[in-house]
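# Notes for the structure review
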Amino acid sequence: MNLKNIAPIGYGLLLLGLIAAPFLGAYPVFVMKLMCFALFASAFNLLLGFTGLLSFGHAAFLGGAAYVTGHAIKVWGLTPEVGLLLGTAGGALLGLLFGWLAIRRQGIYFSMITLALAQMLFFACLQAPFTGGEDGLQGVPRGKLFGLISLQSDLVMYYVALVIVVLAFLVIVRTIHSPFGQVLKGIKENEPRAISLGYDTHRFKLLAFVLSAALAGLAGSLKTLVLGFATLSDVHWTASGQVILMTLVGGLGTLSGPLIGSAVVVLLENKIGEFGNLLAALTSVEWFKTLGESVTMVTGLIFVICVLAFRRGIMGEIIAWMDRRRGGGGKAGGGTGTPH
């Protein structure tokens, strides 16, 4: 079968699995957290995988929007949908500011400027009184959607979050397959040629940066609504490193890669202790019980293995393998060059 035919089937099965997950024993709050990180990684992949811009400061949009949404709902008493919109707008505004300052630089200079700006926001959140400092912004109520639908039930919140994430993912898909998305791919492949064709590449990159920041902000806003708090870890540089890891492990420049990568990283961080206990029970090696205390080490090991053995990422390697099976020969970064 052609990849274009397989991809919709795979996404359809994934959607059905997510719809049925609460009834199959999955913990709704955990799956919602995973969905938020999947959206965060997909937003980052739009910038790096399809535009070629490596941002080290994407945590600023996730965490900044999380604080905006939490403050709007808890302190101002706004409804959840307004809080989400304000958080997304806050992420977009930060993206516009960061992009305007950094977009004319290239390579490591661009990356370091985004990191510096994100760290400035981190220290601002650490000192600002309305963020709660090191304690974070706690006790954010879910409220009622449109003033009618109570989100106190995890099951109701789950399906609302699922709808939001699916719609945001469809926005990313539509963007990538639009003429605008094709220009972004052209800029990534050969920016001088795009300039010679008359495109204002700085404007296109800035638009991509703002869109990516807005979607990352939506992920942070939704995370605050789901968990009921926003903390400094959301805006710390480690969150930026985490989303880079998710994207690279899953498959850079593929639509499905960030979804898989985020699932791998989040499951590792949350379930590695249980997995270690299982290995200890099976092998009688007590050391495995300490895996839960060494999440960073295990995650780093997984990253090293992926870099050495799966340079295209999990989905990138699968797509390239399927291309070779079809006689397409495969291309670096995702086989035929068509994202899946």
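See the structure shown above.
Residues numbered from 1 in each chain as written. Predicted model: local features only at pLDDT ≥ 70, side-chain atom pairs only at ≥ 80, totals over all residues. Heavy atoms only, no water.

One can find Val173 in helix α6 (residues 154-176). Take Val173: its relative accessible area is 22%, and that puts it in the partly exposed class. Sequence separation between Val173 and Gly313 is 140 residues, and the spatial gap between their C-alpha atoms is 19 Å. (Helix = DSSP H or I, 4+ residues; strand = E, 2+ residues; numbered from the N terminus. Buried < 20%, exposed > 50% of the residue type's maximum accessible area, 1.4 Å probe, protein only.)

A word on the environment of Gln138. Looking at the element boundaries, Gln138 is found in the loop between α5 (107-127) and β1 (144-145). Taking the C-alpha atoms as reference points, Gln138 and Arg174, separated by 36 residues in sequence, lie 36 Å from one another. Residues within four places of Gln138 in sequence aside, it is in contact with Lys74, Gly228, Phe229 and Thr231. A polar atom in the side chain of Gln138 sits 2.5 Å from the backbone oxygen of Asp135. (Contact = heavy atoms within 4.5 Å. Polar contact = N/O pair within 3.5 Å; in protein donor to acceptor, adjacent residues only side chain to side chain.)

Once that is clear, we can look at the packing of helix α11 (residues 257-283) against helix α12 (residues 295-309). Helices that pack against each other are described as a pair by the angle of their axes relative to one another and the distance between those axes. Running from amino to carboxyl end, α11 crosses α12 at an angle of 125 degrees, the nearest separation of the two axes being 10 Å. Classified by the angle between their axes, α11 and α12 sit oblique to one another. The crossing of α11 and α12 is right-handed. Each of Leu268, Glu269 and Ile272 in α11 lies in contact with α12, whose residues at this interface are Val295, Val298 and Ile302. (Axes fitted to C-alpha atoms, helices over the stretch in contact; angles between N-to-C directions. Parallel < 35°, antiparallel > 145°, perpendicular 65-115°, else oblique. Left-handed = near helix turned anticlockwise from the far one by under 90°.)

All right, on to unusual backbone geometry then. Despite not being glycine, Phe146 shows a phi value in the positive range, around 60 degrees. With respect to the helices and strands, the residue Phe146 is situated in the loop between β1 and β2 (149-150). Residue classification places Phe146 among the exposed residues on the basis of a relative accessible area of 57%.

Once that is clear, we can look at the packing of aromatic side chains. Applying the stated criterion to the full structure yields eight aromatic pairs. With centroids separated by 5.7 Å and ring planes inclined at 55 degrees, the aromatic side chains of Tyr11 and Phe169 adopt a geometry described as tilted. You can see Tyr11 sitting in helix α1 (residues 3-20) and its partner Phe169 sitting in helix α6, a full 158 residues away along the chain. On the basis of relative accessible area, Tyr11 is assigned to the partly exposed category, the value being 24%. (Phe/Tyr/Trp six-rings, centres within 6.5 Å; stacked < 30°, edge-to-face > 60°.)

Glancing now at the state of the cysteines. Scanning the model with the defined rule gives zero disulfides in all. The structure places no disulfide on Cys36, whose sulfur is separated from the nearest cysteine sulfur, that of Cys125, by 18 Å. (Disulfide = S-S within 2.5 Å.)

Another point: the nonpolar core. Counting residues in hydrophobic clusters, the biggest one holds 75 residues, and the most contacted among them are Met32, Phe61, Phe98, Met157 and Leu222. Ranked by the residues each element gives to this core, the list is headed by helix α2 (residues 28-51), at 18 residues. With near-sequence residues (within four places) excluded, Leu222 lies in contact with Cys36, Leu84, Met157, Ala161, Ile164 and Val165. Residues Leu184, Ala194, Phe204 and Ala208 belong to the second largest nonpolar core, which totals six residues. (Core = buried A, V, L, I, M, F, W, Y, C linked by side-chain atoms within 4.5 Å.)

Here we take up α12. Because each turn of an α-helix spans 3.6 residues, side chains separated by three or four positions end up pointing in the same direction. Compared with an ideal rise of 1.5 Å per residue, which puts 15 residues at 21 Å, α12 spans 21 Å between its outermost C-alpha atoms and is within 8% of the ideal. Considered for burial, the residues of α12 that qualify are Val298, Thr299 and Cys306. For α12, the arc enclosing every buried residue in end-on projection is 100 degrees, short of the 170-degree limit, so these residues lie on one face. The exposed residues of α12 that point more than 90 degrees off its buried face are Thr296, Leu301 and Leu308. On the buried face of α12, the contacting elements are α10 (237-250) and α11. (Expected span 1.5 Å × (residues − 1). Arc of directions from axis to C-beta.)

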